[in-house]
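# Examination of the molecular architecture
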Amino acid sequence: MTGSDCSRYCVFESDIATGLGVGALLFLLVSQLLVMVATRCLCCGPVLCPGRSRTLAIFLFITCWMTFIIAEACLLAGSVRNAYHTKYRTVLSANPPSCETLRKGVFGAGAAFVVFTGIVSELYYVLYSKSDEGVIPTKDMA
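Since the model is a prediction, treat every value here as computed from it, not as a measurement.

As a further point, take the overall build of the chain. Looking only at helices and strands, the chain has three helices and zero strands in total. Starting at the N terminus, the α and β elements of the chain follow one another as α-α-α. In the chain, buried positions account for 32% of the 142 residues. Taking as baseline every contact in the chain between residues at least 6 positions apart, the subset at least 24 positions apart corresponds to 86%. With an accessible surface of roughly 9600 Å², the chain has 68% of that area assigned to carbon and sulfur atoms.

The following block contains the structure:
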């Protein structure tokens, strides 16, 4: 905290964490959209064949969305909080600002959930494809 006799303000050096957090958030969003378009979001495509693959695909679909939401929330919260602290500068006389900095754990948790989302999304896609068992039309079928 720095300042003169009647004013106090926090000065933080600009860092790249905010931009990287936003970039990770956008790339994760694009990858999630890609998986959902490829699988037609599980509900808009043909009916899946009953069995273990379909059950696991449904479970992984739900898990994929849960880990995605948690990862996005961590990345967004970390980026916003980091941007707030790197740009925060004000003059207050009665209530001096808190100069607490963001703990790196928020971005660490976001990164861990990005990895979990990637693994779960890949497993979901594999099991969805396995239970889809689409038949390619041939001349005999027409």
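Here helix 1 (residues 17-38) crosses helix 3 (residues 105-132) at 15 degrees, and the two axes come no closer than 11 Å. The angle between the axes of helix 1 and helix 3 places the two elements in the roughly parallel class. Viewed along their axes, helix 1 and helix 3 form a crossing whose handedness is left-handed. Of the residues in helix 3, those in contact with Ala17, Gly21, Leu28, Gln32, Val35, Met36 and Ala38 of helix 1 are Phe107, Val114, Thr117, Ser121, Tyr124 and Tyr125.

Membership of the largest hydrophobic core is limited to 12 residues, which are Val35, Met36, Leu42, Leu48, Ala57, Leu60, Phe61, Cys64, Val120, Tyr124, Leu127 and Tyr128. Listed by contribution, the elements that provide at least two residues to this core are helix 1, helix 2 (52-87) and helix 3.

With respect to the helices and strands, the residue Ser53 is situated in helix 2. Ser53 gets classed as buried once you look at its relative accessible area, which sits at 16%. Those residues in contact with Ser53 that sit more than four places away from it in its chain are Leu127, Lys130 and Ser131.

With 28 residues, helix 3 extends 39 Å from end C-alpha to end C-alpha; this agrees with the ideal 40 Å at 1.5 Å per step. Where helix 3 is concerned, the buried positions are Phe107, Gly110, Thr117, Val120, Ser121, Tyr124, Leu127, Tyr128, Ser131 and Asp132.

Counted by the stated rule, this structure contains four aromatic pairs. Between Phe61 and Tyr124 the ring centres are 5.6 Å apart and the planes differ by 50 degrees, which places this aromatic pair in the tilted class. Separated by 63 residues along the polypeptide, Phe61 in helix 2 and Tyr124 in helix 3 bring together distant segments of the chain. Accessibility expressed as a relative area gives 0% for Tyr124, which makes it buried. Measuring from ring centre to ring centre gives 6.1 Å for Tyr124 and Tyr128, while their planes differ by 50 degrees; the resulting arrangement is tilted. Of the two residues, Tyr124 and Tyr128 both sit in helix 3, four residues apart, roughly one turn of that helix. You'll find Tyr124 and Tyr128 in the same group, each marked buried.

Each value, and the rule that gives it
- Residues numbered from 1 in each chain as written.
- Predicted model: local features only at pLDDT ≥ 70, side-chain atom pairs only at ≥ 80, totals over all residues.
- Heavy atoms only, no water.
- Helix = DSSP H or I, 4+ residues; strand = E, 2+ residues; numbered from the N terminus.
- Buried < 20%, exposed > 50% of the residue type's maximum accessible area, 1.4 Å probe, protein only.
- Contact = heavy atoms within 4.5 Å.
- Areas by Shrake-Rupley, 256 points an atom, 1.4 Å probe, with all protein chains shown as cover.
- Axes fitted to C-alpha atoms, helices over the stretch in contact; angles between N-to-C directions.
- Parallel < 35°, antiparallel > 145°, perpendicular 65-115°, else oblique.
- Left-handed = near helix turned anticlockwise from the far one by under 90°.
- Core = buried A, V, L, I, M, F, W, Y, C linked by side-chain atoms within 4.5 Å.
- Expected span 1.5 Å × (residues − 1).
- Phe/Tyr/Trp six-rings, centres within 6.5 Å; stacked < 30°, edge-to-face > 60°.

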